[in-house]
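Each chain is listed here by its residues.
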Amino acid sequence: DIYLKQMLESSKDSAKLDAMKRIVGMIAKGKNASELFPAVVKNVASKNIEIKKLVYVYLMRYAEEQQDLALLSISTFQRALKDPNQLIRASALRVLSSIRVPIIVPIMMLAIKEASSDLSPYVRKNAAHAIQKLYSLDPEQKEMLIEVIEKLLKDKSTLVAGSVVMAFEEVCPDRIDLIHKNYRKLCNLLVDVEEWGQVVIIHMLTRYARTQFVSPWKDDEVVEEYSENNFYESDEEQKEKDQKVKNTYTMDPDHRLLLRNTKPLLQSRNAAVVMAVAQLYWHLAPKSEAGIVSKSLVRLLHSNREVQYIVLQNIATMSIQRKGMFEPYLKSFYVRSTDPTMIKTLKLEILTNLANEANISTLLREFQTYVRSQDKQFAAATIQAIGRCATNITEVTDTCLNGLVCLLSNRDEIVVAESVVVIKKLLQTQPAHHGEIIKHMAKLLDNITVPVARASILWLIGEYCERVPKIAPDVLRKTAKTFTNEDDLVKLQILNLGAKLYLTNSKQTKLLTQYVLNLGKYDQSYDIRDRTRFIRQLIVPNEKSGALSKYAKKIFLAQKPAPLLESPFKDRDHFQLGTLSHTLNSRATGYLELSDWPKVAPDPSVRNVDVAELAKEWTGILGKTKKEKPTEKFYSESEEDEDESSSTSASGRCLESNLHLPCLKNSIFRTGHYLKRIRKKFKKSQSYVAAPVSVPTKTHELLHRMSGKGLAAHYHFSRQPGIFGDRMVSVQLTVTNTTDQKIENIHIKEKKLPPGMRMHEFNPIECLEPAGSITVSMGIDFCDSAQMASFQLCTKDDYFNVNIQPPVGELLLPVTMSEKDFKKEFAAKTVHSGSLMLVTVELKESSTAQLIINTEKTVIGSVLLRELKPVLSQG
Amino acid sequence: MIHSLFLINASGDIFLEKHWKSVVSRSVCDYFFEAQERASEAENVPPVIPTPHHYLLSVYRHKIFFVAVIQIIISFAQDYFGVCSELMIKDNVVVVYEVLEEMLDNGFPLATESNILKELIKPPTILRTVVNTITGSTNVGDQLPTGQLSVVPWRRTGVKYTNNEAYFDVIEEIDAIIDKSGSTITAEIQGVIDACVKLTGMPDLTLSFMNPRLLDDVSFHPCVRFKRWESERILSFIPPDGNFRLLSYHVSAQNLVAIPVYVKHNISFRDSSSLGRFEITVGPKQTMGKTVEGVMVTSQMPKGVLNMTLTPSQGTHIFDPVTKLLSWDVGKINPQKLPSLKGSVSLQAGASKPDENPTINLQFKIQQLAISGLKVNRLDMYGEKYKPFKGIKYMTKAGKFQVRT
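- Naming follows an unreviewed UniProt entry, where chain B appears as Adaptor related protein complex 3 subunit mu 2 of Buteo japonicus.
- In UniProt, chain B has this text filed under Subcellular location (unreviewed entry): "Endomembrane system".
- Of the comments in the UniProt record for chain B, the one headed Sequence similarities (unreviewed entry) reads "Belongs to the adaptor complexes medium subunit family."

- The name given to chain A in an unreviewed UniProt entry is Adaptor related protein complex 3 subunit beta 1, and the organism recorded there is Buteo japonicus.
- Per its UniProt entry, chain A bears the Sequence similarities (unreviewed entry) comment "Belongs to the adaptor complexes large subunit family."

So this is what it looks like as structure tokens:
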């Protein structure tokens, strides 16, 4: 230790680093290194980042034990919180919040507040993590922390979303009201959030949805519940209620949004995400849709045993209620001899749940293999399973019973014992068929040697002796003969049988019973001597026997409740699937209850987001983050461009122009935020651009034959989907030779394009005959601007400067939308970036109309507005 | 959320512990040891164990128990160090510790994408160790990985290679249960496409299949654009740098699955004698003309078996009289001369004839064949100018392949 201390105090970084590595090694092995605290803490301000990190590791481990000394390091962290490097700011916050020293609570609170409005989303993410840590250190900070959570929930970064929802779940899971305004955003962000964040968000949204939407489950199930719960209600009332349910149910669009946006996540490579989506569908989707999760869950069965274990448990619970979901995958649950026992038993459980009239014969054949398994614990479980199938499916009860009876001759004791137990249970639940099977079992008694099995058969005969009046006394006679050689267990049951027969059929069996009782009286086992004495007092009347003997028959032959054969997973669905509580089948600490569907849905408008408010925030937050955001965006899905677009809107501000016109009352040009709603609407169709409805024949002149020395060129916009790339506008160029000589090698050169603009040239035209004309196509990416594309059109020995300027309409592609929507608005997207543009014309009274163009592209938007106005005014 | 992590080796020593919140005494592992004692085999230890104050989650990999932890950590270890063994972890304690620290904050996963972790804490290599000693630089990155903030968190920026190459391995595993008479009870194909992509810059790749309809159920690396797959059945993605699993898929039991090998067996015990007969032959079937290699037969014999006297026509075999496990390393199958293993089984004196014949587990490999028939059509690259070198390999393996006898 002294040596280590010296190393830490040395001036060389390498020595310090070496010392720190050894210390961390000690911590990892669980050795105490707390004595070095003062020496280590001095290095917290080290310039060497690796030493610093190791000191952090040390601090987090020991600060709680050495609070006073830990305070020495605080000022370093406070300084680091202001560092220009976001990584350093973030790690300072992490360590500061991980030091569990109550005195610094106010400092932590302040740090979290500041970090929550940091420019870097990574730092904000860490702020969200710090919230939970501070809460567990000092729950009294709750109110203040909720304020921070509320603020962070509004964050648009996918990085922050998962972490802040986690904090929400830990600190204030009951504050559902904080979610309302962020619900749609969370749904839309979900795909892009990192995997672990997705899991947390999905679980939270499941709970949220169960409080906000009405049940989508079909009426028949609802009716069932009613008849169970409210059986006292008159039929009419019930009918009324059913009617109501039937008539009013349409799924809330927000409910649908959640289901739709989580579905692609079933394809995630992360088992936890798949499981989370599966439970969401189970708890929220209409019953007809829940089936889509089965395939993905079955896929998870190919992963590790731990994942298999959890997934199988959940499938077990699901398969009880909705067999149909997993029936097609029956064979995927077949057991392999190499599976661990717990996996085998779970698979067996599922197979049993899935058994029905159609597949039972295949299943029983499969079970036969399992019964012979070397894993006897599993074989025993299989016998139980056969018993359950036998009770559930009446067609096969007899087959099962026969099969089980055969098993009674098995050499393995566990198998025999289990079979007998199951047969016993089966007979008790099916009092009608007793006679035959009991007779059969009585016959088997001669061959079976296993005591448990013999004892069970004797119990059965005794219990139902009145149904086999001829056989029972004979069995007693046979066993009386072998009494002395029997196992204790069997002896007890012989006594039992004797007693029951004495009470029901004393004429035939009185002597036999007395003989057996005498044998028992002198048995070596005191247990048997005791039992003998007890039975004799009860059944044989004499002067000493008390009032009890009158009730002997009632005592011995009382109706015994039949044991229930049901799945151990029957009641597990009380717990939300995929939770620890579900796995353990008991409430774990921190379990959050999933509420029942509300009878009447709460006001759905709480989720509407106020446009103006949003815009303000966006300009606020995103304007700042802009610098640190990578401006490239190749990962198309909507959300990222939204972020980007809002940064443009931040710079361009909201353009809102109220114009007064004779016909158009005013025209408003709004930016980004409003598009969110539309984007959602077009999410499906977005990638598909509708085919052009009309293609203009109007051609524009590129080069007049006079100035082109006989070479003329015209172009027109063909509105074909870009052949040279998605972002290109296709242009068809017709070149005509008006001279009387050949023109050779027509090509493009010297392109002068504004930044960002690209052009796909046509292949050089080798030769154009006199009076000939040829049409070629080319593509230009105008980069969503109305700027000119200038280039030179060259021939073999001449060149001409030309340029193409696109009308703004050619920069837009129509987007398909429903007819209903179309009556009100028209949507398009720009060719280059795919930004949506929405044009709405609203007719107002007194022949005025309002024209609104919503877009992120301010320039195009205003040009379009300018061009549309006169056109519409004329019409 | 995860409170603490303990790594326990096969002999029950805790050789690493890490705490994310307050320190939990290692005595909590006693509950785990109890459960371990109750379970006959390591893999029978329940994954979740409730204790009065905590819940223990255990994961068993490479003969090490990771108590209270998630699986992803193991895959990171393999990624970082190539292997995951006790020795490796002990040797690299500090790096492991630093990585664990980065992965979870307060027990909640912070960054688990290995590309990002590699940028935060650079994996140790011999070269870097040498460089570090000379220059005094460190393994710890001081810049926030660009991935964390970008739209493509799985890819680092500024990747550079002199040789640009992209390799894809289509690997299919057959899970099957074959019954006594040789007919298939259930068979499924579980396939993956593993990629090794070393391309400069930000390449945008598309991979298309000749027969994408074969894929019944797929799961993707987050880089794959789901919508494109939905609409066109084309995999379009910006790949992570290095090795990664692009796709795993499933060809279900409903489709007819070709079974490439068969096993002829004759295993019998008699009631009267303590000697039983044992004879198995392995042969190819539906292999599309490819060689079956790396064949390995294992079988768990019943408890009553004392010893086995066997002669193989090729390869080597071992019978372990303690665990009763028979394994026969066959090697390649020559269709002209089928490998067989014949001999007798002696039972323990007085032991009765086993109820059930042992099941036979089979392992094999077939190169250059994807048994489902899946074929990659083409791979295209956009977004970068250079021409990459492209390669694709197919392989079929046995997954859980069992023959009941």
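## Some thoughts on the confidence of the model for chain B
Note: predicted coordinates in regions of low pLDDT should not be interpreted at a detailed level.
All names here are of chain B.
Then, number 1: Chain-level statistics for chain B give a pLDDT mean of 74 and a share of 66% at 70 or above.
Then, number 2: Note that pLDDT drops below 50 for residues 62-85; the model gives that stretch 90 contacts with residues more than four away or on any other chain.
Then, number 3: Note on residues 123-148: pLDDT is under 50 here. Beyond four places in sequence and across chains, it has 54 contacts.
Then, number 4: We note a pTM of 0.67 for the whole complex and an ipTM of 0.78 for its interfaces.

## Remarks on the nonpolar core
Then, number 1: Among the nonpolar cores identified, the biggest contains 208 residues, and Ile23(A), Tyr58(A), Leu297(A), Phe333(A), Phe367(A) and Ile539(A) are the most heavily contacted of them.
Then, number 2: It is helix α16 (residues 271-284) of chain A that provides the largest number of residues to this core, a total of 10 residues.
Then, number 3: Once residues within four sequence positions are removed from consideration, Phe367(A) is found in contact with Leu348(A), Leu351(A), Thr352(A), Thr382(A), Ala385(A), Ile386(A) and Cys389(A).
Then, number 4: Grouped together as the second largest cluster of nonpolar side chains are 70 residues, Val251(B), Val257(B), Leu369(B) and Met381(B) included.

## As for the packing of aromatic side chains
Then, number 1: Counted by the stated rule, this structure contains 13 aromatic pairs over all chains.
Then, number 2: Between Tyr715(A) and Phe717(A), the aromatic rings sit 5.8 Å apart at their centres with planes inclined by 90 degrees, giving edge-to-face as the arrangement. Phe717(A) matches Tyr715(A) in its accessibility class, with the two residues each being buried.
Then, number 3: Through a chain of ring-to-ring contacts, the aromatic side chains of Phe209(B), Phe220(B), Phe226(B) and Trp229(B) assemble into a single cluster.

## Considering the pairing of strand β13 (residues 242-251) of chain B
All names here are of chain B.
Then, number 1: Of all the 10 residues making up β13, 8 are buried; the element is thus mostly covered by neighbouring parts of the structure.
Then, number 2: Direction of pairing for strand β9 (residues 184-198) relative to β13: antiparallel, over a ladder of 9 bridges. If you follow valine 197 over to β13, its bridge partner there is glycine 242.
Then, number 3: Bridging between strand β11 (residues 217-220) and β13 involves 4 bridges; their strand directions are antiparallel. Each residue of the ladder has a partner; that of aspartate 217, found in β13, is histidine 250.

## Quick word on the pattern of salt bridges
Then, number 1: Under the counting rule described, the total for this entry stands at 21 salt bridges over all chains.
Then, number 2: Ionic pairing is found between Arg256(A) and Glu289(A), a salt bridge with its closest N-O pair at 2.9 Å. Note that Arg256(A) is positioned in helix α15 (residues 253-262) and Glu289(A) in the loop between α16 and α17 (292-300), a separation of 33 residues in sequence.
Then, number 3: Owing to a relative accessible area of 23%, Glu289(A) belongs among the partly exposed residues under this scheme.
Then, number 4: The residue Asp380(B) makes a salt bridge to Arg378(B) at a minimum N-O spacing of 2.7 Å.
Then, number 5: The class of Arg378(B) is partly exposed, set by a relative accessible area of 47%.

Here is what the cut-offs are and how they apply
Residues numbered from 1 in each chain as written. Chains lettered and ligands numbered in written order. Predicted model: local features only at pLDDT ≥ 70, side-chain atom pairs only at ≥ 80, totals over all residues. Heavy atoms only, no water. UniProt positions renumbered as here; feature names shortened; annotations may be inferred. pLDDT = per-residue confidence, 0-100. Contact = heavy atoms within 4.5 Å. Core = buried A, V, L, I, M, F, W, Y, C linked by side-chain atoms within 4.5 Å. Buried < 20%, exposed > 50% of the residue type's maximum accessible area, 1.4 Å probe, protein only. Helix = DSSP H or I, 4+ residues; strand = E, 2+ residues; numbered from the N terminus. Phe/Tyr/Trp six-rings, centres within 6.5 Å; stacked < 30°, edge-to-face > 60°. Pairing = 2+ DSSP bridges. Salt bridge = Lys/Arg side-chain N within 4 Å of Asp/Glu carboxyl O.

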